[in-house]
Amino acid sequence: MTDSTAGRLQALFEGHRLTPTQRRIAHCMVRRAGDVPFLSSVELAELAGVSQPSVTRFAVALGFDGYPALRRHLREVAPPEPGAGGGGGETLNEYQQAVLAEIENLRHLAGLLADPTPVERAGRLLAGSRPLPVLGLRAASSQARGFAYFAAKVHPDVRLLDEAGSMLTDRVDAAVRAGATALLCFALPRHPREVVEALEYARAAGLTVVTVAESAFAPVAAHSDLLIPAAVGTGLAFDTACAPMLLGRVLLEAMADELPDAQARLEEFDTKAAARGLFVE
């Protein structure tokens, strides 16, 4: 899949108010842009993890008479690459397919990072926020916690927000009072209502919201100032999030590049860790 092909598909979906199920289909089509013109509605439904009627309704929502009309259009705006749509080769089990799908997600992320501008902008925003609140609820809490753990080694004040409820807005208020200017959010499906509400509240409080989400069609997009997509895998019973995790590490790198004392902080930590015998060699 080339970036231009994915871009043409993205443009096809823009301007349409899509349901969560339809966003899932759109996201799947972008990821499999080279194959989509060859897929039946049943095959696309299976790949996206939705019902076949949902695919038909999706096509109608885009203004087509049905899925066949959408597929004909796709063959014009997103022609397949050489070798796309072909079969052959050994049959892979579901575990292998899930791994290969994650590899494809990482390739797609690598393509997006060819333009480092959004990540560099995010790095400046995160480095400049003192304190830096990091939000992630439910499925995304592990992503937020991992980022916050490493960020605290180079950033002077990182505040993890991984619990919903009435205290969440209180903690956003506290961060703003302390001088926060930006908030980093990890948002993964299924998106909790509290995340959307928290981002809306954070922006109203004056914070610039940087979001890592599975696609530009995620429900949190409307409440984000800068959204950087990283696809999740949907081939197993529970989504896999290798690409969002890696993107989090990339954002850490970009943030550290904007912190002049980041290296000194890391060296200080290593010295203290060695003195305490913190790690087993």
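Just above sits the structure.
Residues numbered from 1 in each chain as written. Predicted model: local features only at pLDDT ≥ 70, side-chain atom pairs only at ≥ 80, totals over all residues. Heavy atoms only, no water.

**A few points about a negative patch on the surface**
(1) Moving on: Negative charge collects at one region of the surface, where Asp115, Glu120, Glu253, Asp257 and Glu258 lie side by side.
(2) Moving on: For Glu253, the position within the fold is in helix 11 (residues 242-257).
(3) Moving on: Accessibility expressed as a relative area gives 53% for Glu253, which makes it exposed. (Patch = residues over 30% accessible without salt bridge, like charges linked within 9 Å, V, L, I, M, F, W, Y side chains within 5 Å. Areas by Shrake-Rupley, 256 points an atom, 1.4 Å probe, with all protein chains shown as cover. Salt bridge = Lys/Arg side-chain N within 4 Å of Asp/Glu carboxyl O. Lys, Arg positive; Asp, Glu negative; His and termini not counted. Charge placed at Lys NZ, Arg CZ, Asp CG, Glu CD. Helix = DSSP H or I, 4+ residues; strand = E, 2+ residues; numbered from the N terminus. Buried < 20%, exposed > 50% of the residue type's maximum accessible area, 1.4 Å probe, protein only.)

**A few points about helix 11**
(1) Moving on: With 16 residues, helix 11 extends 23 Å between its outermost C-alpha atoms, agreeing within 8% with the 22 Å of an ideal straight helix rising 1.5 Å per residue.
(2) Moving on: Ala243, Pro244, Leu247, Gly248, Leu251, Leu252, Ala254 and Met255 are the residues of helix 11 that are buried. (Expected span 1.5 Å × (residues − 1).)

**Observations regarding the sheet that holds strand 4 (residues 208-213)**
(1) Moving on: The strand order across the open sheet built from five strands is 2-1-3-4-5, with neighbouring strands paired in parallel fashion. Two strands lie at the open edges of the sheet, namely strand 2 (158-161) and strand 5 (226-229), each paired on one side alone. Along the sheet, successive strands turn relative to each other by an average axial angle of 20°, direction set aside.
(2) Moving on: Where strand 1 (residues 132-135) lies against strand 3 (residues 182-187), two bridges are found, and the strand directions are parallel. Counted as the bridge partner of Leu135 is Cys185 from strand 3.
(3) Moving on: Packing of helix 9 (residues 166-177) onto the sheet brings it into contact with strand 1 and strand 2, and relative to strand 2 it is tilted by some 165°. (Pairing = 2+ DSSP bridges. Axes fitted to C-alpha atoms, helices over the stretch in contact; angles between N-to-C directions. Contact = heavy atoms within 4.5 Å.)

**As for a nonpolar patch on the surface**
(1) Moving on: On the surface, Val99, Leu100 and Ile103 cluster together into a nonpolar patch covering about 240 Å² of accessible area.
(2) Moving on: Along the polypeptide, Leu100 turns up in helix 6 (residues 94-112).

**A few points about the packing of helix 8 (residues 141-151) against helix 11**
(1) Moving on: Interaxial distance between helix 8 and helix 11 falls to 10 Å at its minimum, and their mutual angle equals 25°. The orientation of helix 8 with respect to helix 11, classified from their angle, is roughly parallel. Our pair here, helix 8 against helix 11, has a crossing hand that is right-handed. Counting all contacts with helix 8, which are made through Gln143, Gly146, Phe147, Phe150 and Ala151, the residues of helix 11 involved are Pro244, Met245, Gly248, Arg249, Leu251, Leu252 and Met255. (Parallel < 35°, antiparallel > 145°, perpendicular 65-115°, else oblique. Left-handed = near helix turned anticlockwise from the far one by under 90°.)

**A few points about the pattern of salt bridges**
(1) Moving on: Counted by the stated rule, this structure contains eight salt bridges.
(2) Moving on: Asp35 serves as the salt-bridge partner of Arg32, at 3.1 Å between the closest nitrogen and oxygen.
(3) Moving on: The exposure class assigned to Arg32 is partly exposed, which follows from its relative accessible area of 30%.
(4) Moving on: For Asp35, a relative accessible area of 21% corresponds to the partly exposed category.

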